[in-house]
Every structure is written in C-alpha cells, then in structure tokens.
Amino acid sequence: MIQTLIHRLLRRRHFWRYASFDEVAELYASRVMRLLAQYMINMFVALYLYQNGYSLLFIALYYAVSFLFRSVITYVVARFVAKFGPKHGILTANLLYIPALLAFPLVPEYGLPAIVFFGFFQSLSMVMFDLAYTVDFSKVKHVEHAGKEIGYMQIFERLTASLSPLIGGTVAFVIAPEATMWLSAVLFAVASVPLFKTKEQVRLNQRLEFRRFPWRDTWRTIRAETAVGFDIAASNFVWVLFLAVVVFASNTNDIYFTIGAFASITVVTSFFSAYAFGRIIDWRHGGDLLRVAAVANAMTHAFRAFVTTPAGVAAANIANEVATTGYSMAYMRGLFDTADNATGHRIVYLMFVSAAMNIGGLIACLVFVGLLLVCSSPTVAFQLFFILTAVYVLLLMSARFRLYK
C-alpha cells in the first residue's frame, strides 16, 4: 500500500528519473517502514535504561562507546556496500536490527550482557543503513531537481519521525515498553520485504580507492559533519533524558506517552517545511538556507537549556524540527553534489562523512560525561550541555560546498 501510494505521488512529476519507479517506490517504502520502526525505539532507549535503574553517567558512557564503535566499523561497512551494493546493505541493516530488539527487553533480567548485545547489533545496523541509503539515493536522484527529491524524502522521513514516537509511546504506556520493541522488530522484518526483488543501481564488486581522493574539496564538509553527529546525540538521548529527569520528573510508563506525544506535535510542521525548503534549494538558495537554519538550530539548543514547562517543550520541539529540516536538506544537497563530483570516490567520501558524524556524536557524549562529573547537579549539567551544543553546531556554517559558491 505504501509503495503504491509513493508510486502514484511521484511518477507524474518525475518521468525523467534514472531508476524505474517500481525500484524507487520500493526503496522509499522500505525506508518509511524502517524509520517507523527505528524512531519508535530510538527515542526510548535511554529512557528505558534510566527507568531500569541505570545512572545518567552510565547511559552517557554507553552512548559514547556506541558512537565510537560506529565510527570504527564504518570502513568495514563501506567495503560491504562497495562489494554487494547499497540495496543489499539496506536489507542487511534491517535484518541486523531484529536481534537487537529481541535482546533489549531482556535488560532487566540479564543486565550488561543484554545491553552489549543490543548495542552491537543496533550500531552495526544503523551504520550499514545510513551509508547504504545515502549511497543509493546519491546515485538515483536527479541532478536538476535534487532539492525537490530531497524534499520528498524529507517529507516521508519527517512525517514518519513525527508519528513514530507517539505510536511507540502509546504502545509502551498501554501495554509495556517491551511491546514497543517487539512491534519494532516486526516492522523491521516488513521493511525488508520490498528489497528482496530490487536490483542494484551501482556497480558491484567495487574497491575502495583512496588515491587521488579530493581532500581539498571535501575536508571542510567532513569536518562540519561532526556538528551533525553532535546535534543528533543532543536531540536523540540528552533531550529525552532532560525531559524525563528535569521537566516532567517521571519514572513511570506514562512518560513514554508524554514524550512521544510532544515529539509528534511537529507532524504538520514537518510536511510544510520539507516541501518549502526543497523548493528553496532548487531556486539556488541552498547556501543561505544552510546558514540561517544552522543559526536557528543553535538558538533552539540554547532555548532548551531554559525549558521548564510543557509549553516550552512544545515550542522547542517545533523550532528544532524546522531548523533541523532546513539545515539537513541544504547540507544533504551539497553533500550529494560533492559525492557526484568526487569521481570514483562516491562511497569513500560518504564513508568519511558517516565516520565524522559518529565522531561528532562521540564528542557530544564525552562532553556530557564530563559535565555530569563536574557539575553540582544533573540539571546544571543538562543546561550547560545544551549551551555548549548551541556553540558547536555552528560548525555547520564552515562547510564549503562547491554547489553553493
């Protein structure tokens, strides 16, 4: 059903597409199902650990180790994608997440071994999916209308990201948090189905070639990608813990529904901002959008430090949604253009970008660990972290994409 809807939506306007519409619809349908499952669980991992008695310091260290592991395995994942193709990488990534979700509900009984098992397979799955999908989309997009293409992708992604926490939070509240994980595992299996009959759009059995890699044109964008990883860590687990520990101060199952509901109020904003920003990029104003959205994102993090009420949470979530959509779309458009121009090095370039993003997440986690150790209270640590995040994410403005010159 999702595949048919996407097919009808895009075919009339995008007759020029390189890949067939069946293949594109399968790719988009698989991504929607994947993100539905992923966002249902990702926001609640830190919350589940906290609810089961693990300290903020332990959770921050767990995420630091996770981001470190992801950055280390990027090269191995890139070799897999180069050899077998990105669609096989996406399929493998979906299947790898299932054992992680089956292990995580066992944390109350088995403790650290279950956490390690979950973290290993989750990290491997996420690195594999992110790299494989960006390689595949970079190949099949259309150069003349890439902004619109990214806009459609962001519409599907942001709508899914907005609704998933509400679905997951409702299931966790009505049934149990473990039920959300089991449902996510089923959805990951369903997300794999469309990919069984697709063919690759890239040449298989490639070798990763590092000689003559265009460092001069890419190192600033790779460095700026660490700000993306820092932003992801701040929003995906530190913000969730801040809401649970400071704003709502709840350790019962209703916190899943509360945080999920507040995360889902951005659903309308997601649709219109993604569409509008896609048009702005195609009108050759992507560079301006990147700079403005980066500043807006920094201001949102600074505002988070002073949120104390539900109304403030809602305002922060909406502002973050608009700012994140804006900078990520402009950044992604420049990134894909660079990947196209890095002749013979598409996978290598995107591999470095993926590693840099996870290194940024590692830096964010280590900063949070340090603040928890030196600050007088967790509340102060949270507040200082968001202020430092506001400063660090401005590094996005240092990216120099040839497309925006």
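This write-up is about the structure you can find in this document. (Residues numbered from 1 in each chain as written. Predicted model: local features only at pLDDT ≥ 70, side-chain atom pairs only at ≥ 80, totals over all residues. Heavy atoms only, no water.)

### A closer look at the overall build of the protein
Regarding its fold elements, the protein presents 14 helices and zero strands. Mapped from its N terminus to its C terminus, the protein presents α and β elements in the order α-α-α-α-α-α-α-α-α-α-α-α-α-α. The buried share of the protein, reckoned over its 405 residues, is 60%. Taking all contacts inside the protein whose residues are at least 6 apart in sequence as the whole, residues at least 24 apart take part in 85%. Surface exposure of the protein reaches about 16,600 Å², of which carbon and sulfur atoms provide 66%. (Helix = DSSP H or I, 4+ residues; strand = E, 2+ residues; numbered from the N terminus. Buried < 20%, exposed > 50% of the residue type's maximum accessible area, 1.4 Å probe, protein only. Contact = heavy atoms within 4.5 Å. Areas by Shrake-Rupley, 256 points an atom, 1.4 Å probe, with all protein chains shown as cover.)

### Looking at unusual backbone geometry
Of note in the backbone geometry, Arg 212 takes a positive phi value of approximately 60° without being a glycine. Tracing the sequence through the fold places Arg 212 in the loop between α8 (177-192) and α9 (215-247).

### Let's talk about the pattern of salt bridges
Across all of its chains, the model carries one salt bridge by this definition. Asp 288 is the partner of Arg 291 in a salt bridge, and the nearest nitrogen-oxygen pair spans 2.5 Å. A residue pair is termed a helical-turn pair when its members lie 3 or 4 positions apart in one helix, as Arg 291 and Asp 288 do in helix α11 (residues 267-304) at three residues. A relative accessible area of 39% means that Arg 291 is categorised as partly exposed. A residue is classified by how much of its surface remains accessible, and Asp 288, at 39% relative accessible area, is partly exposed. (Salt bridge = Lys/Arg side-chain N within 4 Å of Asp/Glu carboxyl O.)

### What about helix α14 (residues 378-392)?
In this model, α14 (15 residues) spans 21 Å end to end at C-alpha, consistent with the 21 Å of a helix rising 1.5 Å per residue. When α14 is considered as a whole, its buried residues turn out to be Ala 381, Phe 382, Phe 385, Phe 386, Thr 389 and Ala 390. (Expected span 1.5 Å × (residues − 1).)

### Description of a positive patch on the surface
A surface patch of positive charge is lined by Arg 216, Arg 220, Arg 223, Arg 400 and Lys 405. Judged by its relative accessible area of 75%, Arg 216 falls in the exposed class. (Patch = residues over 30% accessible without salt bridge, like charges linked within 9 Å, V, L, I, M, F, W, Y side chains within 5 Å. Lys, Arg positive; Asp, Glu negative; His and termini not counted. Charge placed at Lys NZ, Arg CZ, Asp CG, Glu CD.)

### Digging into the packing of helix α13 (residues 346-374) against α14
What describes two packed helices is the angle between their axes and the distance between those same axes. The N-to-C vectors of α13 and α14 enclose an angle of 145°; their axes lie 9 Å apart at closest approach. Between α13 and α14 lies a crossing of right-handed hand. Contacts between α13 and α14 pair Ile 363, Ala 364, Val 367, Phe 368, Leu 371 and Leu 372 from the former with Ala 381, Phe 382, Leu 384, Phe 385, Leu 388 and Tyr 392 from the latter. Of the residues contributing to the contact of α13 with α14, the split by class is twelve nonpolar, no polar and no charged. (Axes fitted to C-alpha atoms, helices over the stretch in contact; angles between N-to-C directions. Left-handed = near helix turned anticlockwise from the far one by under 90°. Nonpolar A, V, L, I, M, F, W, Y, C, P; charged D, E, K, R; others polar.)

### Notes on the side chain of Thr 221
Mapped onto the elements, Thr 221 comes out in helix α9. Look past the residues within four positions of Thr 221 in its chain and what remains in contact with it is Tyr 331, Tyr 349, Ala 399, Arg 400 and Phe 401.

### Quick look at a nonpolar patch on the surface
On the surface, a cluster of nonpolar side chains totalling about 330 Å² of accessible area is made up of Val 295, Met 299, Leu 394 and Met 397. Looking at Leu 394, the relative accessible area reads 36%, which means it is partly exposed.

### Thoughts on the nonpolar core
In terms of nonpolar packing, the biggest core is built from 111 residues, with Leu 49, Tyr 63, Phe 237, Tyr 349 and Phe 385 touching the most fellow members. The greatest single-element share of this core, amounting to 16 residues, is contributed by α9. Every residue in contact with Tyr 349, bar those within four places of it in the chain, is listed here: Phe 213, Thr 218, Thr 221, Ile 222, Leu 335, Thr 338, Ala 339 and Phe 401. (Core = buried A, V, L, I, M, F, W, Y, C linked by side-chain atoms within 4.5 Å.)

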